[in-house]
Amino acid sequence: QVQLTESGGGLVHTGGSLRLSCVSSDRSYRTQVMGWFRQPPGKDREFVAAVKWADGSTRVSDSVKGRFTLSRDNGERMVYLQMNDLEPEDTGVYFCSAGVVLGTSRNAYAYWGQGTQVTISS
């Protein structure tokens, strides 16, 4: 079982920044991809960004492209989501995920963290 632990959520004003972190317990490289999803209030969970451990290739949602940056630390098995120029529409619970395919569907990810709340005030 792979455990994922997120941190870094909080409350900021419009235009502010936050950095989310996620650490994976997977030291045997059972998973090849780490990603972030978010669930706005009253809406479905949606893809944000994902990165492949091996080569750092990424996929990023159009809704956050240019504002959010995903990076990784292979040695520590951590991924970081730097979120800049935040908007009220970015509010939601952000979930870290792990899988084997660099996909945008929830079905591509077998492991999930508990989530961290991100709130953007206008």
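Calculation notes
Residues numbered from 1 in each chain as written. Predicted model: local features only at pLDDT ≥ 70, side-chain atom pairs only at ≥ 80, totals over all residues. Heavy atoms only, no water. Core = buried A, V, L, I, M, F, W, Y, C linked by side-chain atoms within 4.5 Å. Buried < 20%, exposed > 50% of the residue type's maximum accessible area, 1.4 Å probe, protein only. Helix = DSSP H or I, 4+ residues; strand = E, 2+ residues; numbered from the N terminus. Contact = heavy atoms within 4.5 Å. Pairing = 2+ DSSP bridges. Axes fitted to C-alpha atoms, helices over the stretch in contact; angles between N-to-C directions. Salt bridge = Lys/Arg side-chain N within 4 Å of Asp/Glu carboxyl O. Phe/Tyr/Trp six-rings, centres within 6.5 Å; stacked < 30°, edge-to-face > 60°.

If you look at the biggest cluster of nonpolar residues, it comprises 25 residues, and the most contacted ones within it are Met 34, Trp 36, Leu 81, Met 83 and Tyr 94. Where this core is concerned, the elements lending two or more residues are strand E3 (18-24), strand E4 (33-39), strand E5 (46-52), strand E7 (68-73), strand E8 (78-83), strand E9 (92-99) and strand E11 (116-121). With residues near it in sequence (within four places) discarded, Leu 81 still touches Leu 18, Arg 19, Leu 20, Trp 36, Val 48, Ala 49, Phe 68, Thr 69, Leu 70 and Tyr 94. With six residues, the next largest nonpolar core counts Phe 37, Phe 47, Leu 102 and Tyr 109 among its residues.

With that settled, the discussion passes to the sheet that holds E8. The sheet built from four strands is open, its strands ordered E1-E3-E8-E7 with antiparallel pairing. The sheet is open, and its two borders are formed by strand E1 (4-7) and E7, each paired with just one other strand. For this sheet the average axis-to-axis angle between neighbouring strands, irrespective of direction, equals 15°. Sheet topology note: the E3/E8 ladder contains six bridges and is antiparallel. Residue pairing in the sheet places Arg 19 in a bridge with Gln 82 of E8.

Turning our eyes to something else, we now look at unusual backbone geometry. In the Ramachandran plot, Arg 77 falls in the positive-phi region, its phi being about 55° despite a non-glycine side chain. Of note, Arg 77 is situated in the loop between E7 and E8. Its relative accessible area of 1% is what places Arg 77 among the buried residues. Here Asp 85, not a glycine, exhibits a phi torsion of approximately 50°, which is positive. In this structure, Asp 85 sits in the loop between E8 and E9.

Once that is clear, we can look at the pattern of salt bridges. As enumerated under the stated definition, the model contains six salt bridges in all. Where Asp 90 meets Arg 38, a salt bridge forms, and the shortest distance between an N and an O atom there is 2.8 Å. Taken together, the residues span a long stretch of sequence, with Asp 90 in the loop between E8 and E9 and Arg 38 in strand E4 at a distance of 52 residues. In this structure, Asp 90 engages Arg 67 in a salt bridge whose closest nitrogen and oxygen atoms are separated by 2.7 Å. Linking Asp 90 in the loop between E8 and E9 with Arg 67 in the loop between strand E6 (58-60) and E7, this pair joins segments that are 23 residues apart in sequence.

Tallying each qualifying case throughout the model produces four aromatic pairs. On the numbers, 5.6 Å between centres and 80° between planes, the contact of Phe 37 with Phe 47 is edge-to-face. Of this pair, Phe 37 sits in strand E4 while Phe 47 is found in strand E5, placing the two residues ten residues apart along the sequence. The same class applies to Phe 37 and to Phe 47, which are both buried.

The next point concerns the pairing of E7. Relative to E8, E7 runs antiparallel, the two being bridged by six bridges. Bridge pairing in E8 places Asp 73 opposite Met 78. Here E7 hands over to E8 after four residues, with Arg 77 in that stretch at a positive phi of 55°.

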